[in-house]
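# Structural overview
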Amino acid sequence: MKTFRFILKKLGTLLLSITAVFFVISCEDDDVEELFEQSASERSAESISALKQTLQTRLNGWQISYTPGATETGYYQFVFRFLPDSVVEIASDFSATDLTPRRSEYSVLQGSTTKLSFSTFGTIHRLSDSNFSPIPGQRGAGLRGDFEFLYYGTTEDGSLIFRSNRTQDTVIFRRASSNALQELNASYQNAVNLLSGSVYKVLDQARAGNFIRQALDFP
């Protein structure tokens, strides 16, 4: 009988200990919750809205210099102007026809971090198209680029820090000036003039017949 009472006493002590542990854990959970005044979905929506607003408030748009892939596959410049209703105007020195801004669509999504994705096909998608190669007869190589970029904050001068989603290349979105498109045109013309008169060769883009800023060094 004494043994039975002893066992009951031990069980009672054990139950009290377990209750105390759950109480402490519960208190700790409450403390963690108090760190955030908003739910995860609310914070996600706020992050998406903030990035969209930042992209749209720059009236002259944003410009990037992008060398995609792990190896040298070209140096390309883009000017983006983000508009309401998920519309973006894109100009690039990828080819002569791409110097004129064209409208496309974009979206801002939430995954591991806030992500900018160019939704409909445009110039920037050619950088990630494995079927596209500027070199005739070498399909499948592509330019190892991307059209989705993960957002990682801003720099001191207000530039936006992104990383390409697949290759993790750092891409800086810098504030475009009012004459960014004129600079893009001048850069393209200078590249064509320079490369066509040197040991480099400006390749003809097979699909569109336009010159692109892709140079190969011939021995």
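Overview of the structure.

Reading the values: the criteria
Per chain, the residues get numbers from 1 upward, laid out in the order the sequence is written. Residues qualify for local features only when their pLDDT is at least 70, as the model is predicted, and side-chain atom pairs are given and counted only at 80 or more; totals for whole chains, interfaces and linings, by contrast, use all residues. Water and hydrogen atoms play no part in the side-chain values, which are based on all heavy atoms of the structure. Elements are defined by DSSP. Helices are runs of H or I of four residues or more, strands are runs of E of two residues or more, and each kind is numbered from the N terminus. Where accessible areas are quoted, they stem from the Shrake-Rupley method and a 1.4 Å probe; at the residue level, only the protein chains shown are allowed to cover. Only buried Ala, Val, Leu, Ile, Met, Phe, Trp, Tyr and Cys residues count toward a nonpolar core, and they belong to the same one when joined by side-chain atoms within 4.5 Å. Accessibility here uses a 1.4 Å probe with only protein chains present; expressed as a share of the type maximum, an area under 20% marks a residue as buried, one over 50% as exposed, and anything in between as partly exposed. The contact rule is simple, with two residues in contact once any of their heavy atoms fall within 4.5 Å. Between the rings of Phe, Tyr and Trp (Trp by its six-membered ring), a pair exists once the centres lie within 6.5 Å; its type follows the angle of the planes, with under 30 degrees stacked, over 60 edge-to-face, and the other angles tilted. Only Lys NZ and Arg CZ are tested; either one counts as a charge over a ring when it is within 6 Å of the ring centre and within 35 degrees of the ring normal. Note: two strands are recorded as paired if DSSP finds a minimum of 2 bridges between them. Fitted lines through C-alpha atoms give the axes, limited to the stretch in contact for helices. The angle between two N-to-C directions lies from 0 to 180 degrees. What makes a salt bridge here is a side-chain nitrogen of Lys or Arg within 4 Å of a carboxyl oxygen of Asp or Glu, nothing more.

## Some words on the overall build of the protein
Looking only at helices and strands, one finds four helices and ten strands in the protein. Starting at the N terminus and walking to the C terminus, you meet the elements of the protein as α-α-β-β-β-β-β-α-β-β-β-α-β-β. When the accessible area of the protein is evaluated, it comes to approximately 13300 Å², of which 55% is carbon and sulfur surface.

## Some thoughts on the nonpolar core
By size, the foremost hydrophobic cluster in this structure holds 27 residues, and its most contacted members are Phe-80, Phe-82, Leu-116, Phe-118 and Phe-173. In terms of residue count, strand β2 (residues 76–83) provides more of this core than any other element does, four residues in total. Setting aside chain neighbours within four positions, we find Phe-118 in contact with Phe-80, Phe-82, Val-88, Ile-90, Glu-105, Tyr-106, Ile-124, His-125, Phe-147 and Phe-149. Leu-99, Ala-176, Ala-180 and Val-192 belong to the second largest nonpolar core, which has eight residues in total.

## A closer look at the packing of aromatic side chains
Between two aromatic rings, the relevant description is the distance of the centres plus the angle of the planes. In the structure shown here, the tally under the stated rule is twelve aromatic pairs. For the pair Tyr-76 and Phe-94, a centre-to-centre distance of 5.4 Å together with 35 degrees between the ring planes defines the contact as tilted. With Tyr-76 in strand β2 and Phe-94 in the loop between β3 (87–92) and β4 (102–110), this residue pair connects regions lying 18 residues apart in the sequence. On the basis of relative accessible area, Tyr-76 is assigned to the buried category, the value being 0%. Three or more aromatic residues joined by ring pairs form one cluster here, namely Tyr-66, Phe-78, Phe-80, Phe-82, Tyr-106, Phe-118, Phe-149, Tyr-151, Phe-162 and Phe-173. Stacked on the ring of Tyr-152, the Lys or Arg Arg-163 has its end atom at 5.1 Å from the ring centre.

## Some words on the pairing of strand β5 (residues 114–118)
Across the five residues of β5, five count as buried, placing the element largely inside the fold. As paired strands, β4 and β5 are joined by five bridges and run antiparallel to one another. Counted as the bridge partner of Tyr-106 is Phe-118 from β5. The antiparallel pairing of β4 with β5 creates a hairpin that spans three residues between the two strands. Both β5 and strand β6 (residues 148–154) contribute to a ladder of three bridges, which runs antiparallel. Within β6, the position partnered with Lys-115 by the bridge is Leu-150.

## Points about the side chain of Thr-123
Tracing the backbone through its elements, the reader meets Thr-123 in helix α3 (residues 123–126). Leaving out residues up to four positions away in the same chain, Thr-123 has contacts with Phe-78, Ser-92, Phe-94 and Asp-98.

## Overview of the sheet that holds β5
Taken in spatial order, the eight strands close into a barrel running β1-β2-β3-β4-β5-β6-β7-β8, and their pairing is antiparallel. Ignoring which end each strand starts from, the neighbouring axes of this sheet average 35 degrees apart. Here β3 pairs with β4 via four bridges, running antiparallel. Residue pairing across strands places Val-87 opposite Glu-105, the latter belonging to β4. Against the sheet, helix α2 (residues 40–57) touches β1 (62–66), β2, β4, β5, β6 and β7 (160–164), its axis set at about 150 degrees to β4.

## Looking at the environment of Val-171
For Val-171, the location among the structural elements is in strand β8 (residues 170–175). Separated by eleven residues in sequence, Val-171 and Leu-160 place their C-alpha atoms 8.5 Å apart. For Val-171, the contacting residues outside a window of four places in its chain are Ile-64, Tyr-66, Phe-149, Leu-160, Ile-161 and Phe-162.

## Some words on the pattern of salt bridges
Overall, the coordinates contain four salt bridges when judged by the stated rule. Arg-81 is the salt-bridge partner of Glu-89, the closest N and O atoms lying 3.4 Å from each other. Overlapping salt bridges, with partners in common, bring together Arg-81, Glu-89 and Arg-103 in one network.

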